[in-house]
2 protein chains.
Amino acid sequence: MNSVNVPDIIVSRLPVYLRALQYMAANGSTTTSSQELGEKVGISAAQIRKDLSQFGEFGKQGTGYHIPFLIDRLCQILKVERVWDVVLVGMGELGHAILRYQGFLNRGFRIVACYDSDPAKIGTLVSQFKIEDVNNLVTNIKGTNVKMAMLTVPASVAQQVTDKLVESGVRGILNYAPLSLTVPPGVRVQYIDPVIGLQRMAYYLSEK
Amino acid sequence: MNSVNVPDIIVSRLPVYLRALQYMAANGSTTTSSQELGEKVGISAAQIRKDLSQFGEFGKQGTGYHIPFLIDRLCQILKVERVWDVVLVGMGELGHAILRYQGFLNRGFRIVACYDSDPAKIGTLVSQFKIEDVNNLVTNIKGTNVKMAMLTVPASVAQQVTDKLVESGVRGILNYAPLSLTVPPGVRVQYIDPVIGLQRMAYYLSEK
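Residues numbered from 1 in each chain as written. Chains lettered and ligands numbered in written order. Predicted model: local features only at pLDDT ≥ 70, side-chain atom pairs only at ≥ 80, totals over all residues.

Here we take up the overall build of chain A. In terms of helices and strands, chain A carries 8 helices and 11 strands. When each of the 208 residues of chain A is scored for burial, the buried share is 39%. A separation threshold of at least 6 residues defines the contact pool for chain A, and within that pool the share at least 24 residues apart is 55%. (Helix = DSSP H or I, 4+ residues; strand = E, 2+ residues; numbered from the N terminus. Buried ≥ 20, exposed ≤ 12 C-beta atoms within 10 Å, placed from the backbone. Contact = placed C-beta atoms within 7 Å.)

See the structure below:
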């Protein structure tokens, strides 16, 4: 049912809808409307209906959406009805916080290994993980089912580690390093840079 | 020179251009082209020229952009030629990592205070910061020049803290809690949710 022709801007909104629906479900709701969902996520009801219509019929005029059904379908569309193995590279303070974060597994992702280049860190335990040597990245990952990585290394080595991840067969990189990465076609990067978000808001602030 | 009519999608790309230009400057470059900048950030040269043209003339046909000049102008447009005071609410592991992150100040932001609701944490020191009581948030911030906040509290209390931040006069919230916040007109929220990025990439992954 996935269409290769769905614009990426629409794909980018689906996880936001899914998050809101899962939150509503956790709070005991079973039905919603595009109006209500729109208010939760700050997107117009018309846009939500249009986005979802790319993937088939989800609701009935007048009765709205059945939340568990819509969650199931969005999980299928986003391919998170399964759990993806993810590696984490860069075990500074942010890497530690991410490794201990409990919010990945119930949304489709599981960290399976963590890497660093610092000899003082390699071999030490964080939660149940032994930090592995980044030099073994390609050997360890190539040919496995690891297709995603989170990158929390310093900007100065981020491209170099990215090249290794790509060589390992990783096709999706969540990059926390504050720079744009160069990757070949077929590999995707999503950026997590708090300053980008802050700067984008500063544009709209007045001094008053 | 800021136009209120510039679409937000264009505003959202300016910090990405700025980051790439600052990275190029730090590596010793003084001039660039929309072509080269485009390759760094994964956006077409035509789009970059179109985006920048909203704010005036920045480059010359054939000679490209003078990087320090373009950085200065983008900083002015984004209002980060100054430093904005930011408060951090939620001193879990992520809050600690953010507080110690060194990458804010040189890009326009300075954390000036941090808050938590846990009596065991309030009053303790993290770096040079004493963790303050979230119940004092409104009293402490209202009437000051703090207009931005980073929110790293659990999802269950994020909306409640957001309401306090808005009451305090905060107009921009960088939200790390995995849910959509409701704010009044004139207040902006940017979201940092790693799972949204991972899910967006999972859509494009094949099992092979």
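Here we come to the sheet that holds strand β11 (residues 188-191) of chain B. Residue and element names in this part refer to chain B. Taken in spatial order, the 6 strands of this open sheet run β8-β5-β4-β9-β10-β11, and their pairing is parallel. Every interior strand has two partners, whereas the edge strands, β8 (132-133) and β11, have only one. As paired strands, strand β4 (residues 84-89) and strand β9 (residues 148-151) are joined by 4 bridges and run parallel to one another. Paired with Leu 88 across the two strands is Met 150, which belongs to β9. In the packing of helix α7 (residues 155-167) onto the sheet, the strands contacted are β4, β9 and β10 (172-175), and the crossing angle to β9 comes to about 170°. (Pairing = 2+ DSSP bridges. Axes fitted to C-alpha atoms, helices over the stretch in contact; angles between N-to-C directions.)

What follows covers the interface of chain A and chain B. Taken together, the contacts link 48 residues of chain A with 48 residues of chain B. Of all the elements in the fold, those that place two or more residues in the side of chain A that touches chain B are α1 (8-26), α2 (34-41), α5 (93-100), β9 (148-151), β10 (172-175), β11 (188-191) and α8 (194-202) of chain A. If one sorts the elements of the side of chain A that touches chain B by residue count, α8(A) sits on top with 9 residues. Grouping the amino acids of the side of chain A that touches chain B by side-chain chemistry returns 28 nonpolar, 10 polar and 10 charged. (Nonpolar A, V, L, I, M, F, W, Y, C, P; charged D, E, K, R; others polar.)

Core analysis: the largest hydrophobic core is formed by 114 residues, its most contacted members being Ala149(A), Leu151(A), Ala149(B) and Leu151(B). Sequence-distant contacts of Leu151(B), defined by excluding residues within four places in its chain, comprise Val89(B), Gly90(B), Ala158(B), Val161(B), Thr162(B), Ile173(B), Leu174(B), Asn175(B), Tyr176(B) and Ala177(B). (Core = buried A, V, L, I, M, F, W, Y, C linked by C-beta atoms within 7 Å.)

With that settled, consider the sheet that holds strand β2 (residues 59-60) of chain B. All names here are of chain B. Judged by pairing direction, the sheet is antiparallel, and its 3 strands sit side by side in the order β1-β3-β2 without closing on themselves. Looking at the sheet topology across the chains shown, the edges are occupied by β1 (31-32) and β2. Across 2 bridges, β1 lies against strand β3 (residues 64-66) in antiparallel orientation. Following the sheet pairing, Thr 32 is matched in β3 by Tyr 65.

Here we come to α8(A). Extensive coverage of α8(A) is indicated by the burial of 9 of its 9 residues. All buried positions along α8(A) are accounted for by Pro194(A), Val195(A), Ile196(A), Gly197(A), Leu198(A), Gln199(A), Arg200(A), Met201(A) and Ala202(A). Residues of α8(A) that are buried in the fold lie against α1 (8-26), β4, β5 (109-116), β9, β10 and β11 of chain B.

Attention now moves to the environment of Ala26(A). Residues and elements named next belong to chain A. Mapped onto the elements, Ala 26 comes out in helix α1. For Ala 26, a count of 12 C-beta atoms within 10 Å corresponds to the exposed category. For the pair formed by Ala 26 and Leu 174, sequence separation is 148 residues and the distance between their alpha carbons is 27 Å.

With that out of the way, let us pick up the domain arrangement of chain A. You can read the domains of chain A as domain 1 (8-77) and domain 2 (84-196). Summarising the inter-unit geometry, the C-alpha centres of domain 1 of chain A and domain 2 of chain A are found 31 Å apart. (Domains from an automatic or database assignment.)

Both copies of the chain are placed relative to one another by a rotation about an axis and a shift along it. Relative to chain B, chain A is turned by 180° and slid 0.0 Å along the rotation axis, the superposed coordinates differing by an RMSD of 0.0 Å. The operation mapping one copy onto its partner corresponds to a two-fold rotation axis. In this assembly the copies share their binding face: 100% of the residues contributing to the interface of chain A also contribute to that of chain B. (Least-squares fit on C-alpha atoms with pLDDT ≥ 70 in both.)

Within a regular strand, the side chains alternate between the two sheet faces. All names here are of chain B. The buried count for β5 comes to 6 of 8 residues, which makes it a mostly enclosed element. Strand direction decides the pairing type here: β4 and β5, joined by 6 bridges, are parallel. In the sheet register, Leu 88 faces β5, and the bridge partner there is Cys 114. Viewed along the sheet, the connection from β4 through helix α5 (residues 93-100) into β5 turns out right-handed. Where β5 lies against β8, 2 bridges are found, and the strand directions are parallel. From the neighbouring strand, Tyr 115 faces β8, where its bridge partner is Glu 132. (Right-handed = clockwise from strand over helix to strand, strands pointing away.)

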